[in-house]
Amino acid sequence: MKNIFVTIAVLFPISITFAKEDNKTRLNVLLITADDLNCNSVGAYGCEVQNITPNIDRLAHEGIQFMNAHVASAVSQPSRGALATGRYPHCSGIEGFYHAEKPQVEIVEVLKKAGYYCGIVGKLEHSSPTFTTPWDYRKDFLDLGMGRDARIYKREVDVMIENAKKEGKPFYLMVNSHDPHRPFYGSIEEQRMFEKKEIPQPSYIYTSDEVIVPGFLPDIAGVKDEIVQYFNSVKRLDDTVGVVLKALEDSGEKQNTIVIFLSDNGMSEPFSKTNCYYQSTRTPLIVYAPEQFVSKVIDTEHMISTVDFFPTIVDLLGLSVDADFDGTSFKPILEGKKQLYRTHVFTEFQSTSAKKTFIMRAVQGKRFAYIFNPWAIDSTMFQNEARGGMAFQAMKNNAIHDNKIKDRVMMHDYRCIEEFYDLEKDPNSLVNLISHPAYKDTILHYRTLLKEHMKITDDPAMKALENKDDKDFLRLFNKDRQEYVWKRHEKNKK
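Nothing here was measured: the structure is a model prediction, and the numbers come from that model.

Rules used throughout
- Residues numbered from 1 in each chain as written.
- Predicted model: local features only at pLDDT ≥ 70, side-chain atom pairs only at ≥ 80, totals over all residues.
- Heavy atoms only, no water.
- Helix = DSSP H or I, 4+ residues; strand = E, 2+ residues; numbered from the N terminus.
- Rg over C-alpha atoms; globule rule 2.2 N^0.38 Å.
- Contact = heavy atoms within 4.5 Å.
- Areas by Shrake-Rupley, 256 points an atom, 1.4 Å probe, with all protein chains shown as cover.
- Lys, Arg positive; Asp, Glu negative; His and termini not counted.
- Charge placed at Lys NZ, Arg CZ, Asp CG, Glu CD.
- Buried < 20%, exposed > 50% of the residue type's maximum accessible area, 1.4 Å probe, protein only.
- Expected span 1.5 Å × (residues − 1).
- Axes fitted to C-alpha atoms, helices over the stretch in contact; angles between N-to-C directions.
- Parallel < 35°, antiparallel > 145°, perpendicular 65-115°, else oblique.
- Left-handed = near helix turned anticlockwise from the far one by under 90°.
- Nonpolar A, V, L, I, M, F, W, Y, C, P; charged D, E, K, R; others polar.
- Pairing = 2+ DSSP bridges.
- Core = buried A, V, L, I, M, F, W, Y, C linked by side-chain atoms within 4.5 Å.
- Salt bridge = Lys/Arg side-chain N within 4 Å of Asp/Glu carboxyl O.

This part covers the overall build of the protein. Broken down by element type, the protein carries 16 helices and 16 strands. A compact globule built from 494 residues would reach a C-alpha radius of gyration of about 23 Å, and the protein, at 22 Å, matches this within 12%. Across its three principal directions, the C-alpha atoms of the protein cover 65 × 50 × 45 Å. A fraction of 73% describes how many contacts in the protein between residues 6 or more apart in sequence connect residues 24 or more apart. In the form shown here, the protein has an accessible surface area of approximately 19900 Å², with 51% of it arising from carbon and sulfur atoms. Considering the protein, the positive charge centre built from 63 side chains and the negative charge centre built from 68 side chains are found 3 Å apart.

The subject of this paragraph is helix 1 (residues 54-62). Taken together, the buried positions of helix 1 are occupied by Asn55, Ile56, Asp57, Leu59 and Ala60. In the core, the buried residues of helix 1 are packed alongside strand 3 (64-66), helix 8 (223-251), strand 8 (257-263) and strand 9 (285-288).

Taking 1.5 Å of rise per residue, 29 residues should cover 42 Å, and helix 8 covers 42 Å from first to last C-alpha, within 8% of that figure. Taken across its 29 residues, helix 8 has 23 buried, putting it largely inside the fold.

Across the interface, helix 12 (residues 390-399) lies against helix 13 (residues 403-414) with an axial gap of 8 Å and an inter-helix angle of 130 degrees. By the angle between their directions, the pair helix 12 and helix 13 is classed as oblique. Regarding helix 12 and helix 13, the two cross each other, and that crossing is left-handed. Across the interface between the two elements, Phe392, Met395, Lys396, Asn398 and Ala399 of helix 12 pack against Ile405, Lys406, Arg408, Val409, His412 and Asp413 of helix 13. In the contact of helix 12 with helix 13, the residues fall into five nonpolar, two polar and four charged.

Reading across from one edge, 13-14-15-16 is the order of the four strands in this open sheet, with antiparallel pairing throughout. Every interior strand has two partners, whereas the edge strands, strand 13 (345-351) and strand 16 (418-422), have only one. Each strand axis lies, on average, 15 degrees off the axis of its neighbour in the sheet, ignoring direction. Of the strand pairs in this sheet, strand 15 (residues 368-372) and strand 16 are connected by five bridges, and their pairing is antiparallel.

A few words now on the pairing of strand 2 (residues 28-34). Burial runs high along strand 2: seven of the seven residues are buried. Alternating residues of strand 2 divide into Asn28, Leu30, Ile32 and Ala34 and Val29, Leu31 and Thr33, and every residue in both groups is buried. The pairing of strand 2 with strand 8 spans seven bridges and is parallel. Each residue of the ladder has a partner; that of Ala34, found in strand 8, is Ser263.

Once that is clear, we can look at the nonpolar core. Membership of the largest hydrophobic core comes to 77 residues, with the highest contact counts inside it found for Val223, Phe231 and Phe261. It is helix 8 that contributes the most residues to this core, 12 residues altogether. Ignoring any residue separated from it by four or fewer positions in sequence, one finds Phe261 in contact with Ile32, Ala34, Leu37, Ile56, Leu59, Val241, Pro284, Leu285 and Ile286.

As a further point, take the side chain of Ser272. Looking at the secondary structure, you find Ser272 in the loop between strand 8 and helix 9 (278-281). Judged by its relative accessible area of 0%, Ser272 falls in the buried class. Excluding anything up to four places from it in sequence, Ser272 contacts Asn38, Phe216, Gly266, Met267, Gln279 and Ser280.

This part takes up the pattern of salt bridges. Taken as a whole and judged by the stated rule, the model has 38 salt bridges. Arg475 serves as the salt-bridge partner of Asp472, at 2.6 Å between the closest nitrogen and oxygen. With Asp472 and Arg475 both in helix 16 (residues 471-493) and three residues apart, this pair spans about one turn of that helix. When its relative accessible area of 52% is taken as the criterion, Asp472 is described as exposed. When salt bridges that share partners are traced, they join Arg148, Asp179, Glu190 and Arg236 into one network.

Structure follows, in structure tokens:
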């Protein structure tokens, strides 16, 4: 495995050393995550829905707003696993909805050993790479108004910061909203989930006249109805972010705290979550840091992967950790310097929460994106949670009389083994250019980039890419991967 950040000595026990300036006030870390938030649903990232995310926007304007950041995998547990380990899902073993198969160097354990108070609210299982992740404080879904009550989040963050102060420790807090994950605000499914309990209200409720359907979806009835529900959930998320930031300000610790905001993946709609499209993995990464770092910057130059998160945090905190990271620290960018290490990001997908396996690998630059789908043979149909939603049902209904939507539904369900997009001309990834002669050399370059990455990271899907034209090989590969996922889930149960 290529180690970019440090040279590994031994993985266990974890060895931690401190920088010379350790006698100064040690920085806190507050990580805030959204659940299934599309990057372009944030005002600061170009959303045209009025006043949709004022609290997130304010954080963006105070800190550094990264315009080219991507999660390692566009589904919750693998995405969060990459944050916690600094490794790609196929390297950490957190490719699906299960924990790491072998011991990992994980951020909470490292920071605990360095003297940090570590607390988490929301998404506990998905954000803990092992069953024994040593959080000092934890509250989850049912304790947080189904992960959607801003008032409870405020109270819990107050408690965690106060606990850290009482123990005389700096803190690492991970605050995970369950918005705007399905079920969306105002849906029948949400009413069923809350039963007779009070449903937390967003501070403003949008109507269909006030929202805009993302360009990768058709603007038709049914789709728009569900998008209204989604944006009302986005509003409720922003309310939660607002009270969390208020708790930090009230504590008097803001000037000593690094604040990071991002989404774990794109929205739960067709062609976004549980895929490798641009809109699947692009995340609104915002970093607010104390005065010694740059602020009020919109960074359009650098590409960031979430495997860079862990090495960046330990670098910012002045720690040196023996760990086999796939990512590298982007602290130099926060100091106003250029960093030329990463010119592309690599993303992947393996399986859904229903244990359905659809192997995907992708490489994205600022302009182009190449996706490899070895599962897309023999009329295999793609299945995920969005496929059962109101929007996709509307697309299927309209496909009967609208050939453009029919083609889109067919592409969603069956794909192509290879996809290639010119994001400058087609930011919504609507036109697959894999057979376009004008892009032949660029496609070859991107395919080669992916092969090299797969070789360096010992990706089990590399052989599938090398044999992409051999359907018999791909059938056996897909069968093997599906059986692997089933076995991992069974192990996880035990």
